[in-house]
Amino acid sequence: MKVWIDQDLCTGDGLCEEICPPVFTLLDDGLAYVKEDGVVRNNPGGSQGMAVVPSELEDAVVEASEECPGECIFIERD
Ligand code: SF4
């Protein structure tokens, strides 16, 4: 599973980071980005800043995408 965020739609509420902090983080610009192995994929973000999700975190990532008020967390399955 891979995940990315469309920062243009992100409201910056931080729900994703609350649900799954190993994968989601808010930066100083007030927007959420994904992380892979602790490295933030913010340059560039969006669909080009996609992160591979460890299998044990897949359920939490799905929950975050379902709860995301901006509906801007996108999951791609292998
Ligand atoms: S839950 Fe969605 S809208 Fe909220 S900070 Fe995360 S990506 Fe942005």
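Heads up: the structure comes first, above all this text.
Description of the structure in this document.

Conventions adopted
- Residues numbered from 1 in each chain as written.
- Predicted model: local features only at pLDDT ≥ 70, side-chain atom pairs only at ≥ 80, totals over all residues.
- Heavy atoms only, no water.
- Core = buried A, V, L, I, M, F, W, Y, C linked by side-chain atoms within 4.5 Å.
- Buried < 20%, exposed > 50% of the residue type's maximum accessible area, 1.4 Å probe, protein only.
- Helix = DSSP H or I, 4+ residues; strand = E, 2+ residues; numbered from the N terminus.
- Contact = heavy atoms within 4.5 Å.
- Phe/Tyr/Trp six-rings, centres within 6.5 Å; stacked < 30°, edge-to-face > 60°.
- Near = heavy atom within 4 Å.
- Nonpolar A, V, L, I, M, F, W, Y, C, P; charged D, E, K, R; others polar.
- Pairing = 2+ DSSP bridges.

1. Points about the nonpolar core
Val-3, Ile-5, Cys-20, Val-23, Phe-24, Val-61 and Ile-73 are the most contacted members of the largest nonpolar core, which totals 19 residues. Of all elements in the fold, only strand S1 (2-5), strand S3 (32-36) and helix H2 (58-67) reach the threshold of two or more residues within this core. No other element matches the three residues that H2 contributes to this core. Excluding its chain neighbours within four sequence positions, the residues that come into contact with Ile-5 are Phe-24, Ala-32, Tyr-33, Val-34, Gly-46, Cys-72 and Ile-73.

2. Re the packing of aromatic side chains
Under the counting rule described, the total for this entry stands at one aromatic pair. The interplanar angle of 25° and the centroid separation of 4.6 Å between the aromatic rings of Trp-4 and Phe-74 together place this pair among those described as stacked. In this pair, Trp-4 sits in strand S1 while Phe-74 sits in strand S6 (residues 73-76), placing the two residues 70 residues apart along the sequence. On the basis of relative accessibility, which here comes to 15%, the residue Trp-4 falls in the buried class. On the accessibility criterion, Phe-74 (30% relative accessible area) is partly exposed.

3. Remarks on the site of the ligand
Cys-10, Asp-13, Gly-14, Cys-16 and Cys-68 are the nearest of the 14 residues found near the ligand. Residues that form the shell around the ligand fall into these classes: nine nonpolar, four polar and one charged.

4. Digging into the environment of Arg-77
Inspection of the secondary structure assignment puts Arg-77 in the segment after S6. Measuring from C-alpha to C-alpha, the distance between Arg-77 and Val-23 comes to 16 Å, with 54 residues separating the pair along the chain.

5. Some points on unusual backbone geometry
Following Asn-43, the chain continues to Pro-44 via a peptide bond in cis, the omega torsion being 5°. With respect to the helices and strands, the residue Pro-44 is situated in the loop between strand S4 (39-40) and strand S5 (51-52). The backbone of Glu-71 shows a phi angle near 50°, a positive value even though the residue is not glycine. In this fold, Glu-71 is placed in the loop between H2 and S6.

6. Points about the sheet that holds strand S2 (residues 24-26)
Taken in spatial order, the three strands make up an open sheet running S2-S3-S4, and their pairing is antiparallel. Across the chains shown, the open sheet's two edge strands, defined by having one partner strand only, are S2 and S4. Pairing of S2 with S3 involves three bridges; the strand directions are antiparallel. Bridging from a neighbouring strand, Phe-24 pairs with Val-34 of S3.

Distances and angles like these do not, on their own, reveal function.
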